[in-house]
Amino acid sequence: MDHLPAPPSDTPQRLRFWSVVAAVLFLPAALGAAVLTLMSERAGRCLTYGEQCGSSLPNQVLAAALVLGLVALVVVQAASSVRVRRWALGAQLALECTALVTILSHA
C-alpha cells in the first residue's frame, strides 16, 4: 500500500491573504474614524480656536501602533513558519484596533 504525502497546507496563503485584507480595510476604517473625530465639538474647537487640543501622547501611541502594525504585516508576508505568521497576524489586527481606538480617542 502506497502512502501518499499529505497535501500542502494552504494556511500560509490564507494568512497572507487575510493580512493584506486587514491592511487594506484599515485605511477606510481609519478615514471613517477620523471623520467621526472631526465631527466632535472638541475637535471643532481645536481646529477653530486652538482650544482643548489633546496632548501628544495619543499621537505617539498612534505612530507606534502604525509602525508596529506595518512590521507585523511584513512578518506575516515573509515568515516561513505558520506559527509565526499566526502570531504576527494577531499582532497586526491588535495594533490596527489600537490605532483606530487612538484616533477615536481624540473625539
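Keep in mind that what you see is a predicted model, and the values were worked out from it rather than measured.

Conventions we followed
Residues numbered from 1 in each chain as written. Predicted model: local features only at pLDDT ≥ 70, side-chain atom pairs only at ≥ 80, totals over all residues. Heavy atoms only, no water. Helix = DSSP H or I, 4+ residues; strand = E, 2+ residues; numbered from the N terminus. Patch = residues over 30% accessible without salt bridge, like charges linked within 9 Å, V, L, I, M, F, W, Y side chains within 5 Å. Areas by Shrake-Rupley, 256 points an atom, 1.4 Å probe, with all protein chains shown as cover. Salt bridge = Lys/Arg side-chain N within 4 Å of Asp/Glu carboxyl O. Buried < 20%, exposed > 50% of the residue type's maximum accessible area, 1.4 Å probe, protein only. Core = buried A, V, L, I, M, F, W, Y, C linked by side-chain atoms within 4.5 Å. Contact = heavy atoms within 4.5 Å. Phe/Tyr/Trp six-rings, centres within 6.5 Å; stacked < 30°, edge-to-face > 60°. pLDDT = per-residue confidence, 0-100. Expected span 1.5 Å × (residues − 1). Bend = angle between axes of the 7 residues up to and from the residue. Polar contact = N/O pair within 3.5 Å; in protein donor to acceptor, adjacent residues only side chain to side chain.

Trainee: Is there a simple way to think about the environment of L15 in this case?
Mentor: With respect to the helices, strands and loops of the structure, L15 is situated in helix α1 (residues 11-38). Considering only alpha carbons, one finds L15 and A88, 73 residues apart in sequence, at a separation of 9.5 Å.

Trainee: Just to check I follow, could you spell out a nonpolar patch on the surface for this structure?
Mentor: Judged by side-chain polarity, L31, V35, L36, M39 and L104 come together as a nonpolar surface patch covering roughly 520 Å² of accessible area. If you tally residues by element for the nonpolar patch, the top one is α1, at 3 residues. On the basis of relative accessible area, L104 is assigned to the partly exposed category, the value being 41%.

Trainee: I keep staring at the nonpolar core and nothing clicks. Help me out?
Mentor: For soluble globular proteins, the rule of thumb is that nonpolar side chains tend to be buried together. Grouped together as the largest cluster of nonpolar side chains are 8 residues: F26, A30, A33, A65, L95, A99, L100 and I103. Breaking this core down by element, the ones donating at least two residues are α1 and α4 (82-104). If one sorts the elements of this core by residue count, α4 sits on top with 4 residues. Once residues lying within four places of it in the same chain are set aside, the contact partners of L100 are F26, A29, A30 and A33.

Trainee: Help me understand the packing of aromatic side chains in this model?
Mentor: Centre distance and the angle of the planes are the two values used to describe a pair of aromatic rings. Taken as a whole and judged by the stated rule, the model has 1 aromatic pair. Ring geometry for F17 versus W18: centroids 5.0 Å apart, planes at 75°, classification edge-to-face. A relative accessible area of 48% means that F17 is categorised as partly exposed. Looking at W18, the relative accessible area reads 49%, which means it is partly exposed.

Trainee: What's the story with the confidence of the model for the protein in this structure? I'm lost.
Mentor: Caution applies to low-pLDDT parts of the model: their predicted coordinates are not meant to be read in detail. Residue-level pLDDT values for the protein average 85, and 88% of them are 70 or greater. Per-element mean pLDDT across the protein ranges from 82 in helix α2 (residues 41-49) up to 92 in α4.

Trainee: Would you explain α1 in this entry?
Mentor: Structurally, the α-helix is built with 3.6 residues per turn, so residues lying three or four positions apart point the same way. Its 28 residues give α1 an end-to-end C-alpha distance of 40 Å, which sits within 8% of 40 Å, the value for a rise of 1.5 Å per residue. At F26, α1 shows its largest kink, close to 25°, and the proline P28 lies no more than four residues downstream.

Trainee: Can you help me understand α4 in this one?
Mentor: For α4, with 23 residues, the first-to-last C-alpha span of 33 Å sits near the 33 Å given by 1.5 Å per residue. For α4, the full list of buried residues reads R85, A88, L89, Q92, L95, E96, A99, L100, T102 and I103. The opening residue of α4 is S81, an N-cap whose side-chain oxygen sits 3.3 Å from the backbone nitrogen of R83.

Trainee: What's the story with the side chain of Q92 in this structure? I'm lost.
Mentor: Here Q92 is to be found in helix α4. Assessed through its relative accessible area of 0%, Q92 is described here as buried. Setting aside residues no more than four positions away along its own chain, Q92 makes contact with S19, A22, A23, G69, A72, L73 and V76.

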